[in-house]
Amino acid sequence: MTFFICYNMIGDNMDRVLEIIKYILLGIIQGITEIFPVSSSGHLTIFSRLFQMDLSNLTIFLMVTNTGSFLALLFYFRKDIASLISGTWQYLLKQNPVFKNDFIYVLKLLIAVIPIGVFGLIIKDYLPDDLLTVGFSLLVTGGLLFYVFYTRNANWQKDITWKNALIIGAFQAFGVFPGISRSGITMIGGLTQKIEIKKVLKFSFLSYIIVSVPVMILGFYEAYQASESIDYLGYTLAFIMSFIFSLISVKLLYEYVKVKNLIYFSIYCLAAGLITIILSLWVF
């Protein structure tokens with residue numbers, strides 16, 4: 001009898017350890033895929049199914065891990081953000097024309113986040129989260145990344161115009177679909193406008209920081225209202241991993257990525273999309 005009790009206790013503890021490891025892995029996956037143009041929401045949907053995890057509160061889990069990515073980007077771009085806030089303050093309140101460009105840049109960022117904010121609120125409750133949708137969305141992401149790779153030999157613009165900001169925002173709106181990479185689709189939107197890739201990345205991540213604030217507030221409210229239980233330890237570890245790996249990933253991407261390297265992300269998304277479609281049809 002004692003043997004069976006001990007065996008059951010060990011089994012329960014091992015199950016708990018495995019569950020925690022899964023949360024840690026999901027946090028790592030979120031941190032990497034939020035930054036790289038391969039879709040974090042799509043990957044979390046895929047791996048939560050592969051890990052057979054009951055994430056009935058997937059929206060809340062995404063909010064928690066996205067907060068980790070948000071804070072990582074906030075830390076990485078802290079000097080740029082401080083400069084933009086200070087410059088906007090100097091221009092609006094002290095009428096200092098030297099800082100006009102900072103104020104204009106902030107306005108362009110706000111214009112770029114309007115489409116995803118409006119579109120996201122309208123269809124938030126109708127977004128599909130099945131693997132088949134994720135698979136096809138990854139194929140779309142991969143195809144678009146291949147397009148910008150194929151047309152990469154272009155004369156880049158010096159600055160982001162008002163028109164560019166609006167078009168980038170329109171592209172970014174489609175990032176609400178699981179499997180469509182928000183960073184990837186924003187990058188694609190900018191590159192199709194012939195904007196240099198590092199300028200697009202900076203604009204993309206700064207717009208992500210802006211749009212994340214209301215999303216986080218809404219997510220915390222939904223977490224407070226949720227009737228289902230939440231694994232606080234698992235969510236906390238996933239949050240920490242998301243922060244760490246988002247910080248590592250943005251440093252690598254921002255400092256080393258080139259348009260010609262997008263072919264590798266394209267191939268990955270196309271392969272991941274096909275595998276996901278196969279899994280959705282014959283496994284899950």
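**Some words on the overall build of the protein chain**
When its secondary structure is counted, the protein chain shows 11 helices and zero strands. A principal-axis box enclosing the C-alpha atoms of the protein chain has dimensions of 80 × 45 × 35 Å. Residue burial in the protein chain is summarised as follows: out of 284 residues, 46% are buried. Taking all contacts inside the protein chain whose residues are at least 6 apart in sequence as the whole, residues at least 24 apart take part in 83%. Counting 20 positive and 16 negative side-chain charges, the protein chain places the centres of these two groups 18 Å from one another.

**Topic: the packing of helix H5 (residues 100-123) against helix H7 (residues 162-173)**
Interhelical geometry of H5 versus H7 gives an angle of 30 degrees and a closest axis separation of 8 Å. By the angle between their axes, H5 is roughly parallel relative to H7. Relative to H7, H5 is oriented so that their crossing is right-handed. Contacts from Ile104, Leu107, Lys108, Ile111, Ala112, Val113, Pro115, Ile116 and Phe119 in H5 reach Trp162, Ala165, Leu166, Gly169, Ala170, Gln172 and Ala173 in H7. Class assignment for the residues of the contact of H5 with H7 results in 13 nonpolar, two polar and one charged.

**Details of the environment of Leu237**
Position of Leu237 among the secondary structure elements: in helix H10 (residues 232-256). For Leu237, a relative accessible area of 24% gives the class partly exposed.

**Comments concerning the pattern of salt bridges**
For the structure on display, the rule yields three salt bridges. For Asp231, the salt bridge identified is with Arg16, shortest N-O distance 2.5 Å. Here Arg16 lies in helix H1 (residues 2-35) and Asp231 lies in the loop between helix H9 (197-225) and H10, a separation of 215 residues in the sequence. Note on Asp231: relative accessible area 17%, which makes it buried.

**Points about unusual backbone geometry**
For residues that are not glycine, phi is negative in most cases, and the peptide bond is trans in most cases. A positive phi angle, close to 80 degrees, is found at Ser39, a residue other than glycine. Among the secondary structure elements, Ser39 is positioned in the loop between H1 and helix H2 (40-50). Ser39 sits in the buried class, given a relative accessible area of 1%. Located in the positive-phi region is Lys194, a residue other than glycine, with phi close to 65 degrees. Inspection of the secondary structure puts Lys194 in the loop between helix H8 (182-191) and H9.

**Focus on the packing of helix H6 (residues 131-150) against H8**
Taken N-terminus to C-terminus, the directions of H6 and H8 make an angle of 30 degrees; their axes are 10 Å apart at the nearest point. With respect to their mutual orientation, H6 and H8 come out roughly parallel. Of the two possible hands of crossing, H6 and H8 adopt the one that is left-handed. Residues Thr141, Leu144, Leu145 and Val148 of H6 lie in contact with H8, whose contacting residues are Ile185, Ile188 and Leu191. Residues of the contact of H6 with H8, tallied by class, amount to six nonpolar, one polar and no charged.

**A look at the side chain of Ser41**
Within the element layout of this structure, Ser41 appears in helix H2. Sequence-distant contacts of Ser41, defined by excluding residues within four places in its chain, comprise Leu62, Phe177, Pro178 and Gly179.

**Quick look at H7**
Along an α-helix, residues three or four apart share an orientation, since each turn contains 3.6 residues. Over its 12 residues, H7 extends 17 Å from the first C-alpha to the last, a length consistent with the 16 Å expected when each residue adds 1.5 Å. The complete set of buried residues in H7 reads Asn164, Ala165, Ile168, Gly169, Gln172 and Ala173.

**Side note on the side chain of Gln193**
The residue Gln193 is located in the loop between H8 and H9 in this model. Under the relative-accessibility criterion, Gln193 is labelled buried at 15%. One polar contact links Gln193 to Asn164, side chain to side chain, over a distance of 3.3 Å.

**Examining the packing of aromatic side chains**
All chains considered together, the criterion is met by 15 aromatic pairs. Between the aromatic rings of Tyr23 and Tyr235, the centroid separation amounts to 5.8 Å while the plane-to-plane angle is 55 degrees, which identifies the pairing as tilted. Of this pair, Tyr23 sits in helix H1 while Tyr235 is found in helix H10, placing the two residues 212 residues apart along the sequence. Exposure remark for Tyr235: the relative accessible area of 6% places this residue in the buried category. Seen in terms of ring centroids, Tyr105 and Phe203 are 5.7 Å apart; in terms of plane orientation they differ by 85 degrees. Their pairing is edge-to-face. In this pair, Tyr105 sits in helix H5 while Phe203 sits in helix H9, placing the two residues 98 residues apart along the sequence. Here Tyr105 matches Phe203 in class, with each residue buried. Taken together through their ring pairs, the aromatic side chains of Tyr76, Phe77, Phe205 and Tyr254 make up a single cluster. For Lys108, the ring lying beneath its charged end belongs to Trp162, and the centroid distance is 5.6 Å.

Conventions and cut-offs
- Residues numbered from 1 in each chain as written.
- Predicted model: local features only at pLDDT ≥ 70, side-chain atom pairs only at ≥ 80, totals over all residues.
- Heavy atoms only, no water.
- Helix = DSSP H or I, 4+ residues; strand = E, 2+ residues; numbered from the N terminus.
- Buried < 20%, exposed > 50% of the residue type's maximum accessible area, 1.4 Å probe, protein only.
- Contact = heavy atoms within 4.5 Å.
- Lys, Arg positive; Asp, Glu negative; His and termini not counted.
- Charge placed at Lys NZ, Arg CZ, Asp CG, Glu CD.
- Axes fitted to C-alpha atoms, helices over the stretch in contact; angles between N-to-C directions.
- Parallel < 35°, antiparallel > 145°, perpendicular 65-115°, else oblique.
- Left-handed = near helix turned anticlockwise from the far one by under 90°.
- Nonpolar A, V, L, I, M, F, W, Y, C, P; charged D, E, K, R; others polar.
- Salt bridge = Lys/Arg side-chain N within 4 Å of Asp/Glu carboxyl O.
- Expected span 1.5 Å × (residues − 1).
- Polar contact = N/O pair within 3.5 Å; in protein donor to acceptor, adjacent residues only side chain to side chain.
- Phe/Tyr/Trp six-rings, centres within 6.5 Å; stacked < 30°, edge-to-face > 60°.
- Lys NZ or Arg CZ within 6 Å of the ring centre and 35° of its normal.

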